[in-house]
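Residue-level structure breakdown
So you can see what is in the structure, the chains are spelled out below.
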Amino acid sequence: FFISVRVPYFIDLKRPQDQGLNHTCNYYLQPEEDVTIGVWHTVPAALWKNARGKDQLWFEEALGSSHPVILYLHGNAGTRGGDHRVELYKVLSSLGYHVVTFDYRGWGDSIGSPSERGMTYDALHVFDWIKARSGDNPVYIWGHSLGTGVATNLVRRLCERETPPDALILESPFTNIREEARSHPFSVASTRYFPGFDWFFLDPITTSGIKFANDENVKYISCSLLILHAEDDPVVPFHLGKKLYNIAATSRSFRDYKVQFVPFHTDLGYRHKYIYRSPELPRILREFLGKSEHEHHH
């Protein structure tokens, strides 16, 4: 799953403005010795004009302005500057959210070697960094694809230490990495041709300690949960997202919280990474997060 980590990237990650993000600051944070991660912070559209020409300190202080914050955890390929990601940041910014996103160690211009533990720790570090600056503003965690595995690892830890986020959004999630690997188009084809595929490819994934066990983690998470999944997703099959929802919906840990599943019909053509195009998305988020903001304050 880390095969595509070192794809060359042709954009200068220090210059988010080249991607049309004129209200975005590039930071570098250091979760551990020998690890440096590149972070982008996009402010809500209402702050765009003020953001021009401002320095990192202004952006950090802006997290304390009365706008909710979304920590976005991206999927396997590419960087924080990937096209569909940038488009989502713009949508979320226009809806009044700060968006903080970063490249895990070993991705993009972030330094360090990738591992499930390391990626989760990077996310925890950025979450704590946000919380130290965001005051009473709600902080939501949004994971996409492989990032859903990082997201549930993170939120499980946050709930265990009793500092849960205000809500968790999982876009195109799987149940666990083994089931995802088994239904990945590459392995579906391979199983036909390599009778030993499971043993040869999937066992090393599990024995190398990569689990990303969303299905296990949701049993230990207590906060509102929204799952978004396109029926025509060719990378993470729709049925895995639905299966994860069914596990979460019946889990005791969610009994006081809202758990919602929103499917997107095949005809829409959103596939694995274009749910941001949905004209319904603003309403879905407003209704779901409005309610969790309500829970947060009462």
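Anyway, here's the lowdown on the structure attached to this text. (Residues numbered from 1 in each chain as written. Predicted model: local features only at pLDDT ≥ 70, side-chain atom pairs only at ≥ 80, totals over all residues. Heavy atoms only, no water.)

Examining the environment of His23
Mapping His23 onto the fold places it in the segment before β1 (24-32). Classification of His23 as buried rests on a relative accessible area of 1%. Here the alpha-carbon distance between His23 and Ala51, two residues 28 residues apart in the chain, equals 5.6 Å. His23 has contacts with His41, Thr42, Val43, Trp48, Ala51, Phe59 and Ser93, leaving out every residue within four places of it along the chain. Among the polar contacts made by the side chain of His23, one reaches the side chain of Ser93 at a distance of 3.5 Å. (Helix = DSSP H or I, 4+ residues; strand = E, 2+ residues; numbered from the N terminus. Buried < 20%, exposed > 50% of the residue type's maximum accessible area, 1.4 Å probe, protein only. Contact = heavy atoms within 4.5 Å. Polar contact = N/O pair within 3.5 Å; in protein donor to acceptor, adjacent residues only side chain to side chain.)

Topic: the packing of aromatic side chains
A complete count under the given rule lists 10 aromatic pairs for this structure. Relative to Phe261, the ring of Tyr245 has its centre 5.6 Å away and its plane inclined at 45°; by these criteria the two rings are tilted. One end of the pair, Tyr245, is in helix α10 (residues 238-249); the other, Phe261, is in strand β8 (residues 259-264), with 16 residues separating them in the sequence. Taking relative accessible area as the criterion, Phe261 reaches 13% and is therefore assigned buried. With centroids separated by 5.8 Å and ring planes inclined at 65°, the aromatic side chains of Phe264 and Tyr270 adopt a geometry described as edge-to-face. For Tyr270, a relative accessible area of 7% corresponds to the buried category. In this structure an aromatic cluster arises from ring pairing among Phe102, Tyr104 and Trp107. Sitting above the plane of the Tyr220 ring, Arg156 keeps its charged end 3.8 Å from the centroid. (Phe/Tyr/Trp six-rings, centres within 6.5 Å; stacked < 30°, edge-to-face > 60°. Lys NZ or Arg CZ within 6 Å of the ring centre and 35° of its normal.)

Thoughts on helix α4 (residues 116-131)
With 16 residues, α4 extends 23 Å between its outermost C-alpha atoms, agreeing within 8% with the 22 Å of an ideal straight helix rising 1.5 Å per residue. Those residues of α4 that sit buried are Glu116, Gly118, Met119, Thr120, Asp122, Ala123, Leu124, Val126, Phe127, Trp129 and Ile130. (Expected span 1.5 Å × (residues − 1).)

As for the layout of surface pockets
The volume enclosed by the second largest pocket comes to roughly 180 Å³. Lining the second largest pocket are 11 residues, and of these Glu116, Thr120, Asn153, Arg157 and Asn217 lie nearest its centre. At four residues, the largest contribution of residues to the lining of the second largest pocket is made by helix α5 (residues 146-160). Broken down by class, the residue content of the lining of the second largest pocket amounts to one nonpolar, four polar and six charged. (1 Å grid on protein atoms, 1.4 Å probe; cavity = no way out; pocket = protein on both sides within 12 Å on 5 of 7 lines; lining within 4 Å. Points joined across faces, edges and corners; volume = space filled by probe spheres on them. Nonpolar A, V, L, I, M, F, W, Y, C, P; charged D, E, K, R; others polar.)

Details of the nonpolar core
As a rule of thumb, nonpolar side chains are buried together in soluble globular proteins. If you look at the biggest cluster of nonpolar residues, it comprises 54 residues, and the most contacted ones within it are Leu71, Leu73, Phe102, Ile141 and Leu168. If we skip the residues at most four places from it in the chain, Leu71 touches Val100, Phe102, Ala123, Val126, Phe127, Ile130, Tyr140, Ile141, Trp142 and Leu154. Core analysis: the second largest hydrophobic core is formed by 28 residues, Tyr97, Leu226, Leu228 and Ala230 among them. (Core = buried A, V, L, I, M, F, W, Y, C linked by side-chain atoms within 4.5 Å.)

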